[in-house]
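# Chain and residue survey
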Amino acid sequence: MNVLKLVMSRGGQEWGIIRMFAAIGIMWVATLQTALATQADSTAVSFVSDVEGAIPFIHELNFTVAPLTNFKSVVFTVRPKPGSFTRAISATYPKSYLSTRHFVDTAGNLKVPVFGLYDGFTNSVTLTFVFNDNSQRQIILPVATTAFSDPCGYKQPTVVQARTNSTSLSYDFMMLKDSCSSFSPAIMDTDGALRWVGTGGVGNVSSAFFDNAVYIGQAGGPNFIRMELDGAFSIVADYSNIGVTQFHHNIDRGKHGLLLEVDTRTDYESTVLEADKNGNLLKVWNMAEIIGNAMRAGGDDPSAFVRRGADWFHNNAATYRASDDSVLISSRESFVIALDYRSSAIKWILGDTSKAWYQYPSLRAYALTVAPGGVAPIGQHAVSITYNDKLLLFDNGLASANQTPAGNKRNFSAPRKYSLDLNNRTATQIFAYNRSIVSEICSSVYEDAPNNYLVDYAVAGGFLSASPSAEIVGLQADGQRVFDYAYPTSFCQKMFNALPMHLEQLTFGSAALPFAGTFSNFSGRALIGPGDNALFGGFVIGGSGNKEVIIRGLGPSLAAFGLAPVIPDPFLTLYSGSQLVATNDNYTANPILASNRLTPGDPRESALVTTLNPGAYSTVLQDRLGRTGFGLLQVYDVTDGTSQLVNVSIRGRVGLGNNLLIGGFTVATHPMEVIVRALGPTLATYGVSDPLPDPSVGVYNADGSLIASNTSWMVTQKLELTSAGFALPNAHEASLLTILYPGAYTAIVRGAAGSTAEGSALLEIYNAGAF
């Protein structure tokens, strides 16, 4: 019975009790107040002082808290100026984080850094103190700031279009990557108000926002610097020991950390590093070596194209593509090139085919074809992968400066988005923002929420014109401009690149581990028959503790989804090795099934609720009388703990039409590396009489969109699968490695395109990080 029903059913009694306590009067009130006392009531929080930080946009608000043992966290919120439609800047500081940063001491002295303040203004700041019993207390303070002397002129824009009153724009803050002063980078809101600038004394466009901090590389030096939003900064790495001489162009998000573009003593603008948040070096991609080796392997002499020490490549951006575990690197001189993350092997190249690179057969072999209606990028910047796995970039339209032939040149610049079909080796342009603006160098476009863009024309009008400007534009999903600001410039120093960012609900000290996701359930569907045509499933529990699972075998309820015929009476068997663990014909009512909403929809269907030790298990689903029809086998992880489902395999028959082998699985909590394999010919060595001769596999998201696919593991992902220990015995079998974000996915095994062959196949799904 819920609370409302409880109160309603006992209404007369409750009212009598209330009247009785009302008659007691003041004594009842005092008793009730004592009973309802919270830690917010019993903790003294006193404001002590307001101290300006390293820049006017940062202040330190000092308090005392007693007793400190009650204190859990504090949230600050900076209210937007009157008339603004931006969100408030807000951040949560847990006590553990404040202790680590020495912002709180055992005597109860508490320093709360507040950032994102308006300069030259009396800000309204709300402090919400949260205590261990989750009670809260709010204090609202006026925080007056001094004016910031702005050397870059951000506070005096030419307003091409003022911020509209739209609240549908997905972002309200932007990081401007600049070198116009030693206050790089700058953070601005979409009203055009400056809200933060760099405190590290560095002027360089090479910067990024990561782990709730700003990172910047030293111009003319090897130091990698982290700047906290509260103003503190430190050198996290010095890469002189690996020959780094300076940072240039961009810093971008990578697989595990940040992608850094650096010069070394031997190579100019053609080396990319990946480093974690502490500056630890994770990967190195030397494009002179990678491209030179590929050209030699393809029978070409690279000496005229790869010229170490010269500006032959001009790397200006990089990004990571999770769906196929690749790093994409932009060469302004030539193309966008995709490398396998693990092996550094070239996967594909997208660029203007009239440029020098296309004259070499060894590189031409990697070329993607641009589908009719689109154009290849020329001299592009700011490559990124969007939320739905599309390639986004700023197409500058400038021909090569140091390669011959130099290729085409366009008289306008445009953001472009491409859908990549790597099986057919095509790139289809699906979006372009076309305005008659020339911005031949630098510049950027990024997508925040779907179809919400931030466009930066770094030198609108052209860097050779008499009066170029840095122009920044916000686009919302309906294609309308929400704001448009311009600033006089002479080159890229004011807005080399502009990135949407979110400062409205930051939490410090709670970063999640990368690719730490888990599987929460598996399912397998196939056409089931007697004997060897049953649906066979296997799963592995990894870890150190027992795991409670629910295993279901469905048949009759599938008819509601249009499947016919279905097995009328599913029978489920569970084994550990050759030992029988449990069987079930018709499920029995169970509170665990009910609480997880997993009670089967038909009394003839099967379900097991069991606790299992770590190890390998197998299941068999068939009709109790051996009849033929569709059936669904499911395994659910229903408890937390020190163990998890790390692998599942499903063996069934693959036919024509809808008679496919289908597996479903859910990724929970965090992104994870997943390996999906489809075996056919190998099954013959295990006594399966009719293996599918040439299986293919595809992985689809909850919307039905194809995320990744493979027809032959040796053609597209041989190196990464072999290095991960998941090579297959037969070249006709299929496998793929991809990174999937939390959500539901479907893997489908079918015969190769055009094949009419049928047979048994094995679908395997692995949490790659667990092996």
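These lines cover the structure that appears in this document, whether it is placed above or below. (Residues numbered from 1 in each chain as written. Predicted model: local features only at pLDDT ≥ 70, side-chain atom pairs only at ≥ 80, totals over all residues. Heavy atoms only, no water.)

### Some thoughts on the sheet that holds strand β27 (residues 414–421)
Neighbouring strands of a sheet are bound in pairs by backbone hydrogen bonds; such pairs are parallel or else antiparallel. Using the following cut-off: A pair of strands is considered paired only if DSSP assigns at least 2 bridges between the two. Helix and strand labels come from DSSP, where a helix needs a run of H or I of at least four residues and a strand needs a run of E of at least two; each type is numbered from the N terminus.
Here five strands make up an open sheet; going across it, the order is β24-β28-β27-β26-β25 and the pairing mixed. Across the chains shown, the open sheet's two edge strands, defined by having one partner strand only, are β24 (369–370) and β25 (381–385). Bridge analysis of β24 against strand β28 (residues 426–432) gives two bridges, and the strand direction is parallel. Paired with T369 across the strands is T426, a residue of β28.

### Focus: the state of the cysteines
Defined as follows: For the purposes of this analysis, a disulfide is any pair of cysteine sulfur atoms at a distance within 2.5 Å. Burial classes: relative accessible area under 20% of the type maximum marks a residue as buried, over 50% as exposed, and values in between as partly exposed (1.4 Å probe, protein chains only).
Counted according to the given criterion, the structure contains two disulfides. Each sulfur in the disulfide pair C152 and C180 lies 1.9 Å from the other. Disulfide C152-C180: the torsion about the S-S bond is 105°, which places it as right-handed. Of this pair, C152 sits in the loop between β7 (136–144) and β8 (158–161) while C180 sits in the loop between β9 (173–177) and β10 (186–189), placing them 28 residues apart in sequence. The class for C180 is partly exposed, based on a relative accessible area of 21%.

### What about the pattern of salt bridges?
The line we're drawing: By convention in these notes, a salt bridge is any Lys or Arg side-chain nitrogen within 4 Å of a carboxyl oxygen on Asp or Glu.
Tallied over the full model, the rule gives 33 salt bridges. Note that E228 and R226 form a salt bridge whose closest N and O atoms lie 2.6 Å from each other. Residue E228 shares its accessibility class with R226, and that shared class is buried. E673 is the salt-bridge partner of K255, the closest N and O atoms lying 2.6 Å from each other. With a gap of 418 residues between them, K255 in the loop between β16 (244–253) and β17 (258–264) and E673 in strand β45 (residues 672–679) connect regions that are remote in the sequence. For E673, a relative accessible area of 13% corresponds to the buried category. It is possible to trace a salt-bridge network through shared partners that takes in R321, D324, D340, K347 and D389.

### Topic: the packing of aromatic side chains
Note the threshold: Each aromatic pair joins two rings of Phe, Tyr and Trp (for Trp, the six-membered one) with centres within 6.5 Å, and gets the label stacked for planes under 30 degrees apart, edge-to-face for over 60, and tilted for any other angle.
For the structure shown, the criterion picks out 34 aromatic pairs. Taking the centre distance of 5.8 Å and the plane angle of 20° together, the rings of F665 and Y745 count as stacked. Taken together, the positions of F665 in strand β44 (residues 661–668) and Y745 in strand β49 (residues 743–751) put the pair 80 residues apart, joining distant regions of the chain. Accessibility classification places F665 together with Y745 in one group, the buried group.

### Some remarks on the side chain of K355
Note the following rule: By the counting scheme adopted, Arg and Lys are positive, Glu and Asp are negative, and His together with the chain ends is not counted. In what follows, a contact means two residues having at least one pair of non-hydrogen atoms within 4.5 Å.
Along the chain, K355 turns up in the loop between β23 (346–350) and α7 (361–364). Among buried charged residues, K355 stands out as having no salt bridge; its nearest opposite-charge side chain is D352, 5.4 Å away. Apart from residues no more than four positions distant in its own chain, K355 is found in contact with R332, E333, S334, I378, G379, L398, A399, S400, P405, A406 and G407.

### Considerations on the sheet that holds β17
The condition that has to hold: Axes, fitted as lines to C-alpha atoms, cover a helix only where it is in contact. Angles between the N-to-C directions of the axes lie from 0 to 180 degrees.
As summarised here, the arrangement of the four strands in space is β16-β17-β18-β19, forming an open sheet in which the pairing is antiparallel. One side of each edge strand has no neighbouring strand; the edge strands of this open sheet are β16 and β19 (281–286). Mean inter-strand twist for the sheet, computed between neighbouring axes without regard to direction, equals 25°. Taken together, the five bridges between β17 and strand β18 (residues 271–275) define a ladder with antiparallel strand orientation.

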